[in-house]
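# Examination of the molecular architecture
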Amino acid sequence: MSIDENFHSPVRFAIMASLVSVDKAEFAFVRDAIEVSDSVLSKQATALEAVGYLQIIKGHVGRRPRTWFALTPQGRAAFAAHLEALRSLAEAAAHYAAGPS
Amino acid sequence: MAQLDPTEALAQAQRLGARTQRSARWLARYYVIFGIASMLIALGFGLLRGRTWALVLSGVWLVLVLGISLYSSRQQTMVRGGGRIHAGVMAAWTVIWVITVTVGASNDLPWPWWLAGGVGMLASPLVGAWVVLRRTEAAQ
């Protein structure tokens, strides 16, 4: 279990959280879900793609171009480990806040 | 978007995951519509005889298939394992459809083959819908 520095950016964290429970999601869906601009999403998705955590799939439906995001197996594993580390931190913080028993 | 503490980050991940899973339930709706429509068409073919009815039912089926294809093309998410689920549902549905059409249409059967075929064609999409709902309700 370890905190992954690739998810320190809240936007990157939110992209991963949006995608972890599905096979793929469209660019516009992720943008609306995490409430960022097209350019911010594009930049952070490209960063995740560069570390091998995200696949960017471009295609067409009819004449309309569409972009899809899908997590790679490596990305899923890294995000699961990151969430586990966050849970440990949250539990430790709650324990500390409760004081000595 | 500011940096979150671990508890807030986990809560945000839960919220975003739940939103995506809700969106991915469209495939369950697709299967329910497809299953009910195919059962009604099978019943129609069994109960309404003649070339005219066959043409009308084929036209209705074509419109339904085009409609749900358009609906699916507009969706923005795909459930985990959606490709495999869809392949399994459509393979089972196709086998039942072929059996219903070949056995039912080529033999003068004493029992309502169209009813059995219709229920079979409803069953495989309903199983698919159930699988989709289970996968989109699972905790992150």
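In this text the structure is predicted, and so the values were computed from the model without any measurement.

### Points about the overall build of chain A
Of the regular secondary structure elements, chain A holds four helices and three strands. When the helices and strands of chain A are read in sequence order from the N terminus, they spell out α-β-α-α-β-β-α. Computed over C-alpha atoms, the radius of gyration of chain A comes to 16 Å, more than 25% over the 13 Å expected from 2.2 N^0.38 for 101 residues, which places it beyond the range of a compact globule. Dimensions of chain A, computed from C-alpha atoms along their principal axes, come out at roughly 65 × 25 × 20 Å. Looking at the 101 residues of chain A, the share that counts as buried comes to 34%. A fraction of 54% describes how many contacts in chain A between residues 6 or more apart in sequence connect residues 24 or more apart.

### Describing the interface of chain B and chain A
Counting from both sides, the interface comprises 26 residues of chain B and, opposite them, 25 residues of chain A. Those elements that place two or more of their residues in the side of chain B that touches chain A are helix H1 (6-24) and strand E1 (77-79) of chain B. The element best represented in the side of chain B that touches chain A is H1 of chain B, accounting for 13 residues. Within the side of chain B that touches chain A, the residues separate by chemical class into 11 nonpolar, 13 polar and two charged.

### Digging into the UniProt feature "transmembrane region" (unreviewed entry) in chain B
Following the UniProt record, the feature "transmembrane region" (unreviewed entry) maps to residues 28-47, 53-73, 85-105 and 111-133 of chain B here. In residues 28-47 of chain B, the share of helix is 100% and the share of strand is 0%. The end C-alpha atoms are 29 Å apart.

### Describing the packing of helix H2 (residues 26-47) of chain B against helix H5 (residues 113-137) of chain B
Any two packed helices are characterised by the angle at which their axes cross and by the distance between the axes. In contact at an axis separation of 8 Å, H2 of chain B and H5 of chain B are set at 180 degrees when each is read in the N-to-C sense. The angle between the axes of H2 of chain B and H5 of chain B places the two elements in the roughly antiparallel class.

### Structural notes on the sheet that holds strand E1 (residues 22-26) of chain A
The antiparallel open sheet is built from four strands, whose spatial order is E2(A)-E3(A)-E1(A)-E1(B). Across the chains shown, the open sheet's two edge strands, defined by having one partner strand only, are strand E2 (54-61) of chain A together with E1 of chain B. Averaged over neighbouring strand pairs, the angle between their axes works out to 20 degrees when direction is ignored. Pairing of E1 of chain A with strand E3 (residues 64-71) of chain A, which is carried by two bridges, proceeds in the antiparallel orientation. The residue of E3 of chain A that forms the bridge with Ala25 of chain A is Phe69 of chain A.

### A few points about H1 of chain B
All names here are of chain B. Between the first and last C-alpha of H1 there are 27 Å, a value that for 19 residues agrees with the 27 Å anticipated at 1.5 Å per step. Those residues of H1 that fall on the buried side of the exposure criterion are Ala9, Ala13, Leu16, Gly17, Thr20, Gln21, Ser23 and Ala24. The buried side chains of H1 occupy one side of the element, clustering within an arc of 155 degrees when seen end-on.

### Observations regarding the nonpolar core
Of all hydrophobic cores here, the largest spans 52 residues; its most connected members are Ile15, Met16, Val30 and Phe69 of chain A together with Tyr31 and Val132 of chain B. Once residues within four sequence positions are removed from consideration, Val132 of chain B is found in contact with Arg25, Leu27, Ala28, Tyr31, Val79 and Ile85 of chain B.

### Some remarks on the pairing of E3 of chain A
Within a regular strand, the side chains alternate between the two sheet faces. Residue and element names in this part refer to chain A. The pairing of E2 with E3 spans eight bridges and is classified as antiparallel. Each residue of the ladder has a partner; that of Ile57, found in E3, is Trp68. Counted between consecutive antiparallel strands, the loop separating E2 from E3 contains two residues, among which Gly62 sits at a positive phi close to 65 degrees.

### As for the environment of Tyr96 of chain A
All names here are of chain A. Locating Tyr96 in the fold gives a position in helix H4 (residues 73-98). Tyr96 sits in the exposed class, given 9 other C-beta atoms within 10 Å. Sequence separation of Tyr96 and Phe29 is 67 residues, and the distance between their C-alpha atoms is 38 Å.

What counts and how
- Residues numbered from 1 in each chain as written.
- Chains lettered and ligands numbered in written order.
- Predicted model: local features only at pLDDT ≥ 70, side-chain atom pairs only at ≥ 80, totals over all residues.
- Helix = DSSP H or I, 4+ residues; strand = E, 2+ residues; numbered from the N terminus.
- Rg over C-alpha atoms; globule rule 2.2 N^0.38 Å.
- Buried ≥ 20, exposed ≤ 12 C-beta atoms within 10 Å, placed from the backbone.
- Contact = placed C-beta atoms within 7 Å.
- Nonpolar A, V, L, I, M, F, W, Y, C, P; charged D, E, K, R; others polar.
- UniProt positions renumbered as here; feature names shortened; annotations may be inferred.
- Axes fitted to C-alpha atoms, helices over the stretch in contact; angles between N-to-C directions.
- Parallel < 35°, antiparallel > 145°, perpendicular 65-115°, else oblique.
- Pairing = 2+ DSSP bridges.
- Expected span 1.5 Å × (residues − 1).
- Arc of directions from axis to C-beta.
- Core = buried A, V, L, I, M, F, W, Y, C linked by C-beta atoms within 7 Å.

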